[in-house]
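Fold and geometry: a report
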Amino acid sequence: SAAGGPTKFLVGTEQGKIVSCSRKGKTPADKIGTIYEGHCGPVYGLQRNPFFPKYFLPVGDWTVRLWNEELRAPIMTSKFFKNYVLDAAWSPTRPGVFLTTKMDGTLDVWDYFYKQNDPTLSLQVDGDGLTTVRMQDQGSLLATGSVDGSVYMLELCEGLATMQANEKNSVLQMLERESKREKNLEARAKELK
């Protein structure tokens, strides 16, 4: 699940769906909001962007996807990787940077500010799958754990940890532009029905 304030949270399911929930709902039906058709396999990782909480990042099957909670489809879908994507974590210091881990033991560092559909950096950390990744609050240290119980501590270079000038605004504009594009596609699809 991923936080969205004290009353809202997201749940990723075994069936690949992502469910938006609210603790404020009076009835069980009110507690469940939107159901997103997220992935074609279990959702393994799910996290809201700490800077822009309406954007969230689920990982599952062979893809990384970026969603705006107001839309029915993702605003970004990575290419299909050869291996399952197992976890994701947003940088706490850079709004466009996130990490993902895969079943082949690679850690991918994404910098949405510079490259939208592919990792900026791919690192072979272990021969076994990396099931989890977490970042330290200062944004430069991370820990990732493998299937066999090994834990690795890694340090990102300063460029990936330190916010760039005007980055927050630029990333938000990019996310909003992609959201608008997706909204237009949804409207067009409705018209065609």
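The text that follows walks through the structure, step by step, so that each part is easy to find.

Criteria and cut-off values
Residues numbered from 1 in each chain as written. Predicted model: local features only at pLDDT ≥ 70, side-chain atom pairs only at ≥ 80, totals over all residues. Heavy atoms only, no water. Pairing = 2+ DSSP bridges. Helix = DSSP H or I, 4+ residues; strand = E, 2+ residues; numbered from the N terminus. Axes fitted to C-alpha atoms, helices over the stretch in contact; angles between N-to-C directions. Phe/Tyr/Trp six-rings, centres within 6.5 Å; stacked < 30°, edge-to-face > 60°. Buried < 20%, exposed > 50% of the residue type's maximum accessible area, 1.4 Å probe, protein only. Salt bridge = Lys/Arg side-chain N within 4 Å of Asp/Glu carboxyl O. Contact = heavy atoms within 4.5 Å. Polar contact = N/O pair within 3.5 Å; in protein donor to acceptor, adjacent residues only side chain to side chain.

Moving on to the sheet that holds strand E10 (residues 97-102). Pairing in this open sheet of four strands is antiparallel, and the strands run E9-E10-E11-E12 from one edge to the other. Two strands bound the open sheet, and with one partner strand each, they are strand E9 (85-90) and strand E12 (121-124). Adjacent strand axes in the sheet meet at a mean angle of 20°, parallel and antiparallel pairs treated alike. The pairing of E9 with E10 spans five bridges and is classified as antiparallel. Looking across to E10, one finds that Val85 is bridged to Lys102.

The subject of this paragraph is the packing of aromatic side chains. Per the stated rule, a full pass over the model turns up ten aromatic pairs. Measuring from ring centre to ring centre gives 5.3 Å for Tyr36 and Trp67, while their planes differ by 65°; the resulting arrangement is edge-to-face. Taken together, the positions of Tyr36 in strand E4 (residues 32-37) and Trp67 in strand E7 (residues 63-68) put the pair 31 residues apart, joining distant regions of the chain. As far as burial versus exposure is concerned, Tyr36 and Trp67 are alike and both buried. Site record: aromatic cluster; members linked through ring pairs are Phe81, Trp90, Phe98 and Trp110.

Right, let's talk about the pattern of salt bridges for a bit. Under the definition given, this model contains eleven salt bridges. For the salt bridge of Glu70 with Lys54, the shortest nitrogen-to-oxygen distance reads 3.4 Å. Of this pair, Glu70 sits in the loop between E7 and strand E8 (76-77) while Lys54 sits in the loop between strand E5 (43-48) and strand E6 (55-60), placing them 16 residues apart in sequence. Its relative accessible area of 48% is what places Glu70 among the partly exposed residues. Taking relative accessible area as the criterion, Lys54 reaches 27% and is therefore assigned partly exposed. Connected via shared salt-bridge partners are Lys8, Arg48 and Glu69.

Pairing between the strands of a sheet comes from backbone hydrogen bonds, and it takes one of two forms, parallel or antiparallel. Pairing is antiparallel in the open sheet, where three strands are placed in the order E13-E14-E15. At either end of the open sheet lies a strand with only one pairing partner, and these are strand E13 (130-135) and strand E15 (151-155). Across the sheet, the mean angle separating the axes of adjacent strands is 20° when strand polarity is ignored. In this structure, E13 lies alongside strand E14 (residues 141-146), joined through five bridges in antiparallel fashion. Across the sheet, Val133 pairs through a bridge with Thr144, a residue of E14.

This part covers the environment of Ser122. Its place among the elements puts Ser122 in strand E12. Accessibility expressed as a relative area gives 48% for Ser122, which makes it partly exposed. Along the primary structure Ser122 and Thr144 are separated by 22 residues, whereas in three dimensions their C-alpha atoms are 14 Å apart. Setting aside anything within four residues of it in sequence, one finds Ser122 in contact with Lys102, Thr106, Leu107 and Asp108. Within the structure, Ser122 has its side chain in polar contact with the side chain of Asp108 (distance 2.4 Å).

What follows concerns the pairing of E15. With respect to burial, E15 is a largely exposed element, only zero of its five residues being buried. Counted along the chain from E14 to the antiparallel partner E15, the turn is four residues long, and its residue Gly149 has a positive phi close to 95°.

Keep in mind that most residues, glycine aside, have a negative phi and that most peptide bonds are trans. For Asp61, which is not glycine, the phi torsion reads 40° and is therefore positive. Take Asp61: its relative accessible area is 0%, and that puts it in the buried class. A positive phi angle, near 65°, is found at Asn166, a position not held by glycine. Here Asn166 is to be found in the loop between helix H2 (158-161) and helix H3 (167-192).

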